[in-house]
Amino acid sequence: MEIKEFQKLMKDLYFHFDSQRGLHRTALWLGEEIGELMAELKKAPKLINKVAVAEELADILAWSASLANLMDISLDQAVLKKYPGYCLKCGKNPCQCHKNLS
Ligand SMILES: [Zn+2]
């Protein structure tokens with residue numbers, strides 16, 4: 001599934017609720033899901049539930065799409081603009097900005 005298709009699916013499924021809830025309360029839900037992801041990831045590595053992490057990442061993507069739909073933003077175009085296939089800072093793929101990170 002492409003980003004554009006996913007955004008349309010979220011619009012078809014949830015736009016009627018998202019538009020009633022509004023931008024700010026929808027943004028709170030995105031924050032809630034990020035908090036749930038962080039709660040899982042702050043556990044000791046052996047205790048992190050990969051299925052739970054995957055579900056939270058899916059929720060974060062879904063709420064991001066809802067926000068984009070509310071603001072009539074194309075996630076597809078936004079992603080391509082910020083991530084055109086090379087690093088915007090150094091122009092390389094893979095990025096060479098932080099070669100000295102250990
Ligand atoms: Zn770079």
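Residues numbered from 1 in each chain as written. Predicted model: local features only at pLDDT ≥ 70, side-chain atom pairs only at ≥ 80, totals over all residues. Heavy atoms only, no water.

### Looking at the coordination of the zinc ion
On the protein side, the zinc ion has C87 (SG), C90 (SG), C95 (SG) and C97 (SG) as donor atoms, found 2.2 to 2.4 Å from it. Here the zinc ion is ringed by four donor atoms whose angles at the metal span 103 to 119°, and the overall shape comes out tetrahedral. Coordination of the zinc ion draws on donor residues from a single chain, spaced C-x2-C-x4-C-x1-C in sequence. Of the residues examined, C97 reaches a relative accessible area of 32% and is grouped as partly exposed. (Donors = N, O, S within 2.8 Å, 3.2 Å for Na, K, Ca; no water. Tetrahedral: all angles 85-135°; square planar, octahedral: opposite > 155°, others 65-115°. Buried < 20%, exposed > 50% of the residue type's maximum accessible area, 1.4 Å probe, protein only.)

### Some details on the packing of helix α1 (residues 3-21) against helix α3 (residues 50-70)
Two numbers describe how α1 lies on α3: the axes approach to 8 Å, and their chain directions differ by 70°. One element, α1, and the other, α3, form an angle in the roughly perpendicular class. The interaxial crossing formed by α1 with α3 has right-handed handedness. Of α3, the residues touching α1 (which contributes F6, Q7, M10, K11, F15, D18, S19 and R21) are L61, A62, W63, A65, S66, A68, N69 and L70. In terms of residue class, the contact of α1 with α3 is built from nine nonpolar, four polar and three charged. (Axes fitted to C-alpha atoms, helices over the stretch in contact; angles between N-to-C directions. Helix = DSSP H or I, 4+ residues; strand = E, 2+ residues; numbered from the N terminus. Parallel < 35°, antiparallel > 145°, perpendicular 65-115°, else oblique. Left-handed = near helix turned anticlockwise from the far one by under 90°. Contact = heavy atoms within 4.5 Å. Nonpolar A, V, L, I, M, F, W, Y, C, P; charged D, E, K, R; others polar.)

### Some remarks on a nonpolar patch on the surface
Together, M1, L9, L13, Y14 and F17 make up an exposed nonpolar region whose accessible area comes to about 510 Å². Mapping F17 onto the fold places it in helix α1. (Patch = residues over 30% accessible without salt bridge, like charges linked within 9 Å, V, L, I, M, F, W, Y side chains within 5 Å. Areas by Shrake-Rupley, 256 points an atom, 1.4 Å probe, with all protein chains shown as cover. Salt bridge = Lys/Arg side-chain N within 4 Å of Asp/Glu carboxyl O.)

### Quick look at the packing of aromatic side chains
Geometry of an aromatic ring pair is reported as the spacing of the ring centres plus the angle between the planes. With the rule as written, the count across this model stands at one aromatic pair. When the ring of W29 is compared with that of W63, the centres are 5.6 Å apart and the planes differ by 10°; the resulting orientation is stacked. One end of the pair, W29, is in helix α2 (residues 23-41); the other, W63, is in helix α3, with 34 residues separating them in the sequence. Of the residues examined, W29 reaches a relative accessible area of 42% and is grouped as partly exposed. For W63, a relative accessible area of 15% translates into the label buried. (Phe/Tyr/Trp six-rings, centres within 6.5 Å; stacked < 30°, edge-to-face > 60°.)

### Section: the side chain of E33
Its place among the elements puts E33 in helix α2. Buried charge without a salt bridge: E33, with R21 as the nearest opposite-charge side chain at an N-O distance of 10 Å. Leaving out residues up to four positions away in the same chain, E33 has contacts with E56, D59, I60 and W63. (Lys, Arg positive; Asp, Glu negative; His and termini not counted.)

### Considering the environment of H98
Its place among the elements puts H98 in the segment after α4 (75-82). Note on H98: relative accessible area 56%, which makes it exposed.

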